[in-house]
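A closer look at the structure
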Amino acid sequence: MSEWCNWAGDQRCYPSQVLHPSTVQEISAVVGAAADSGSPLAKTTVKAVGAGHSFTDIALTSGVQLRLDGLSGLQGVDREALQVTLAGGTRLHNIPALLAPYGLALTNMGDIDRQSISGAISTGTHGTGLAFGGIATQVVGLTLVIGTGEVVHCSAAENAELFSAARVGLGALGIIVSVTLQCVPAFTLHAVERPEPLAQVMESLLERQRSTDHFEFYWFPHTSTALTKSNTRYPLGQGPAGVRPLSARAHLVDDVLVSNKLFSALCQVTAKVPSVIPRVNTMASQLTGNREFADLSHRVFATERTVRFREMEYAVPLLEIPAVLAELDVMIKQRGFTISFPVEVRCAAGDDIPLSTAHGRETGYIAIHQHVKIDPFDYFHAAEEIFRAHGGRPHWGKWHFLQSNDFLALYPELNLFDRVHNVADPKRVFRNTYLDRVLS
Ligand SMILES: Cc1cc2nc3c(=O)[nH]c(=O)nc-3n(C[C@H](O)[C@H](O)[C@H](O)COP(=O)(O)OP(=O)(O)OC[C@H]3O[C@@H](n4cnc5c(N)ncnc54)[C@H](O)[C@@H]3O)c2cc1C
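Residues numbered from 1 in each chain as written. Predicted model: local features only at pLDDT ≥ 70, side-chain atom pairs only at ≥ 80, totals over all residues. Heavy atoms only, no water.

Things to note about the pattern of salt bridges
Any two side chains of opposite charge can pair, given that their charged atoms come close. For clarity, the threshold we go by: Salt bridge criterion: a side-chain nitrogen from Lys or Arg within 4 Å of a carboxyl oxygen from Asp or Glu. Only DSSP runs of H or I covering at least 4 residues are called helices, and only runs of E covering at least 2 are called strands; the numbering of each starts at the N terminus. For the exposure calls, accessible area comes from a 1.4 Å probe over protein chains only, and a residue counts as buried if that area is under 20% of its type's maximum, exposed if over 50%, partly exposed in between.
Counting across every chain of the model gives 21 salt bridges. Between Arg167 and Asp352 there is a salt bridge; the shortest N-O distance is 3.6 Å. With Arg167 in the loop between helix H4 (160–166) and strand E11 (175–182) and Asp352 in the loop between strand E18 (343–348) and strand E19 (363–371), the pair connects residues that are 185 residues apart, well separated along the chain. A residue is classified by how much of its surface remains accessible, and Arg167, at 8% relative accessible area, is buried. Lys229 is the salt-bridge partner of Glu193, the closest N and O atoms lying 3.9 Å from each other. Within this pair, whereas Glu193 is found in strand E13 (residues 187–197), its partner Lys229 is found in strand E15 (residues 225–235), the two being separated by 36 residues in sequence. Residue classification places Lys229 among the buried positions, given a relative accessible area of 18%. One network of salt bridges, in which partners are shared, links Asp111, Glu311, Glu313, Glu344, Arg346 and Lys398.

Take a look at the structure:
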C-alpha cells in the first residue's frame, strides 16, 4: 500500500489501489465495479484526486484512488461562444498555454495555479473581485462518471439539477471527466500593491471592493498595516503608460526570495521564538508589497507558495468583514496568540450554486494560516467561533470543524444537493470520512 499526502503534508491516506486511467471508459469500469462490490459497509470506494492542495481530508481514501493526470488537455473550443472544454485532470497552470492560440483567458483565478480544474471547482476555489464569482461559476457544462458507472453530461439545459449541484460537488456526485468553461478574451492586469494603514482600508473597504476589479489585502496580526493589492483589467496589451511586467530580477527578489525563502526562514525562527513575531510582522509589512506592474492576467493572479502552512477560510456576508477582523484582533490579543502569517481578505459576487460559499450573497472571504510546524488548532477553533457568529460558511478545501447538521442553516439549497446526491451516487461509491462528516 502506498502512502498519499496532501500539499501541506498533514493529511495522509493509504489507498488500497492507485490507478492512472487515461480514458473515460476505464473510469466508468472502475466505478461500475465498485458499485457492484460488497455490502454497503464493505463496498469498494473510489476517489479522484487532483493536486492534493486541499487542507481538509476531502480527498483521502482507503479505497481506489484515481489520479487523473492522464486525462488532461484541451478537448474542444467554441470560438464564437468563447467556451473551451478541458479534460477533468487538467492543471490550472497548463490552461493559459492551451487558451493562448485562441486569444482566450480564464475570467478570474485564485492566488495559485497548481490545482486541477476539477479539484478547484469541486471545492469552490475562488479568487477576488466583487463582480466575479469563483471558478465554478465559469463552468457551463460537465461530463461526469456518476456512482453507477454511467457517463452523464450536464449543463443548464441538460440534467440541470446535477449541473447545478456538481459545480461545487465536493467529489460526492461523480468523477468529472471533462469541464466546459466560459472564457473571456485574453486581458492584461495592472497591479498596484501598497502597504496602507488598516483603519484607512476599513473605512473605504466597500467602495474599493466595488470600484476595483480585483481588490484584496493582507493584514499582519500584531500590526495596524494592510498590504493592499488592487488589480485592474485592461484589453490585451493595454494599460497605464510606462507600467511594465515585473522584471525577472524583481520577480526573483520579491516573489521567490522575500515572499518564500526569507519568509520560510523567518517562520523557522519565529516557531522557536514566538515573542519576536510582532516585531517581525511589523518589519515584513513595511518591507514587502510596494510595487506596480502589468502583465498577462494569469501571471498577475497566480503566485508561487513554497512555505507549507495550514489554512482556514470562511465566507461571511460582505459587510461583516470589518467586524470580523476587529474581533479576530481582540481574540488574538486576549488569547495571547502570536501569529506570523497574514490574514487574507478577498471578496466575490453572489452566485446560485447550492454549495458555493458565495451562494445567494455578496461575500467577503477571510483566511487565516499557521506554519505546518506550529499547532494551529486553538487559534483555528477560536477564529471559527467568530466566523460562525457572523454567518460564516467554511471553504470546503480548508480547515473547519463543522458537521453535517451545522450546514442546514447555512445552505438553503442543501435539500437539492442531497436529492442529486442520492440519484448520482445511490450506493455511496464516492464516500470518505470527510463526506460522512459534512453530508447527511
Ligand atoms: C498554497 C495553496 C493556495 C490556495 N489558494 C487558494 C485560493 O486562492 N482560493 C481558493 O479558493 N482555494 C485555494 N486553495 C485551496 C485549493 O484551491 C482547493 O482546495 C482545491 O480543491 C485544490 O484542488 P486540487 O486539484 O488540489 O484538489 P484535491 O485537493 O486533490 O481534491 C479536492 C476535491 O476534489 C475532488 N476531485 C478532484 N478531482 C476530481 C474529479 N476529476 N472529479 C471529481 N472530484 C474530483 C477530490 O475527490 C476532492 O474531493 C489553496 C490551496 C493551497 C495549498
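A look at the site of the ligand
Note the cut-off: Consider each residue's heavy atoms; a residue with any of them within 4 Å of a molecule or strand counts as near. In the analysis that follows, any N or O atom pair within 3.5 Å is treated as a polar contact, provided that within protein one partner can donate a hydrogen and the other can accept it, and provided that, for residues neighboring in sequence, both atoms belong to side chains. Accessibility throughout is a Shrake-Rupley quantity obtained with a 1.4 Å probe, and a residue counts as covered only by protein chains that appear here. Think of it as three bins: nonpolar holds Ala, Val, Leu, Ile, Met, Phe, Trp, Tyr, Cys and Pro, charged holds Asp, Glu, Lys and Arg, and polar takes everything else, Gly as well. Here the bounds of each domain stem from an automatic or database domain assignment.
Taken together, 36 residues form the shell around the ligand, and within it Ala48, His53, Ser54, Ser116 and Thr123 come nearest. Gly52 has a polar backbone atom sitting 2.9 Å from an oxygen atom of the ligand. Between the ligand and the protein, one listed contact pairs an oxygen atom with a side-chain N or O atom of Arg346 at 2.8 Å. Burial of the ligand by the protein chains amounts to 99% of its free accessible area of 970 Å². Within the residue set of the shell around the ligand, elements represented by two or more residues are strand E4 (46–49), helix H3 (117–122) and E11. Counting residues per element, the shell around the ligand draws most heavily on H3, at 4 residues. Classifying every residue of the shell around the ligand gives 14 nonpolar, 17 polar and 5 charged. Mapping the shell around the ligand onto the domain boundaries places at least three of its residues in each of domain 1 (74–186) and domain 2 (187–394).

Some remarks on empty space enclosed by the protein
We count it as follows: A cavity here means a set of 1 Å grid points, computed over protein atoms only, where a 1.4 Å probe fits but cannot escape. A pocket is an open set with protein on both sides within 12 Å along at least 5 of 7 lines, and lining residues have an atom within 4 Å of a point. Grid points are joined across faces, edges and corners, and a volume is the space filled by probe spheres set on the points.
Scanning the model with the defined rule gives 4 cavities of 30 Å³ or more in all. The computed volume of the largest cavity comes to approximately 90 Å³. If you trace the largest cavity, you find 16 residues lining it, with Gly124, Gly134, Asp351, Ser356 and Tyr365 closest to the centre. Of the residues contributing to the lining of the largest cavity, the split by class is 7 nonpolar, 8 polar and 1 charged. Looking at which domains feed residues into the lining of the largest cavity, each of domain 1 (74–186) and domain 2 (187–394) gives three or more.

What to know about the nonpolar core
Grouped burial of nonpolar side chains is what soluble globular proteins tend to show. Test applied: Among the buried residues, those of types Ala, Val, Leu, Ile, Met, Phe, Trp, Tyr and Cys that are joined through side-chain atoms within 4.5 Å form a nonpolar core. The criterion used for residue contact is that any of the two residues' heavy atoms lie within 4.5 Å.
Counting residues in each nonpolar core, the largest one holds 96 residues, and the members touching the most others are Leu162, Phe217, Leu325 and Leu328. Shared between two domains, this core holds at least three residues of each, these being domain 1 (74–186) and domain 2 (187–394). Excluding its chain neighbours within four sequence positions, the residues that come into contact with Leu162 are Leu144, Ile146, Val152, Cys154, Leu173, Val420 and Ala424. Formed by 16 residues, the second largest nonpolar core is a distinct cluster that contains Val30, Val64, Leu71 and Val429.

Quick notes on the packing of aromatic side chains
Basically, it comes down to this: Classification of ring pairs uses Phe, Tyr and Trp, with its six-membered ring standing for Trp, and accepts pairs whose centres are within 6.5 Å; under 30 degrees between planes counts as stacked, over 60 as edge-to-face, and the remaining range as tilted.
For the coordinates displayed, the defined rule picks out 16 aromatic pairs. Ring plane angle 85 degrees and centroid distance 6.1 Å describe the contact between Trp7 and Phe55, whose orientation is recorded as edge-to-face. Within this pair, whereas Trp7 is found in the loop between strand E1 (4–5) and strand E2 (12–13), its partner Phe55 is found in the loop between E4 and strand E5 (64–67), the two being separated by 48 residues in sequence. One exposure class covers both Trp7 and Phe55, and it is buried. Taken together, a centroid distance of 4.9 Å and an interplanar angle of 65 degrees make the contact between Phe377 and Trp399 edge-to-face. Of the two residues, Phe377 is situated in helix H11 (residues 377–389) and Trp399 in the loop between strand E20 (393–394) and helix H12 (404–407); the sequence distance between them amounts to 22 residues. For Phe377, a relative accessible area of 24% gives the class partly exposed. Classification of Trp399 by relative accessible area gives buried; the value is 16%. Members of the aromatic cluster, joined through ring pairs, are Phe337, Phe377, Tyr379, Phe380, Trp399 and Phe401.

Here we look at the sheet that holds strand E6 (residues 74–78)
Heads up, the rule is: For two strands to be treated as a pair, DSSP must find at least two bridges joining them. Angles run from 0 to 180 degrees between N-to-C directions of axes, and those axes are lines fitted to C-alpha atoms, restricted for helices to the stretch in contact.
If you trace the 5 strands from one edge of the open sheet to the other, you get E6-E7-E11-E9-E10, paired in antiparallel fashion. Of all the strands in the sheet, the pair left with one neighbour each is E6 and strand E10 (151–155). For this sheet, the mean angle separating the axes of adjacent strands, direction not counted, is 15 degrees. Summarising the sheet, strand E7 (residues 83–87) and E11 pair through 5 bridges and their orientation is antiparallel. Bridge pairing in E11 places Leu86 opposite Val179.

Focus: the domain arrangement of the chain
Which entries qualify depends on this criterion: Defined in terms of a 1.4 Å probe, buried area is the accessible area two parts forfeit on being brought together, summed over both.
Along its sequence, the chain is organised into domain 1 (74–186) and domain 2 (187–394). Contact with domain 1, which involves 28 residues of that partner, is made by 31 residues of domain 2. At the boundary of domain 1 with domain 2, total buried surface from both sides reaches about 2,400 Å², with 60% on carbon and sulfur atoms. Joining domain 1 to domain 2, the criterion identifies 2 salt bridges. The interface formed by domain 1 and domain 2 holds 9 residue pairs in polar contact (both at pLDDT 80 or more) in total. At the level of secondary structure, the elements contributing two or more residues to the side of domain 1 that touches domain 2 comprise H4 and strand E12 (184–185).

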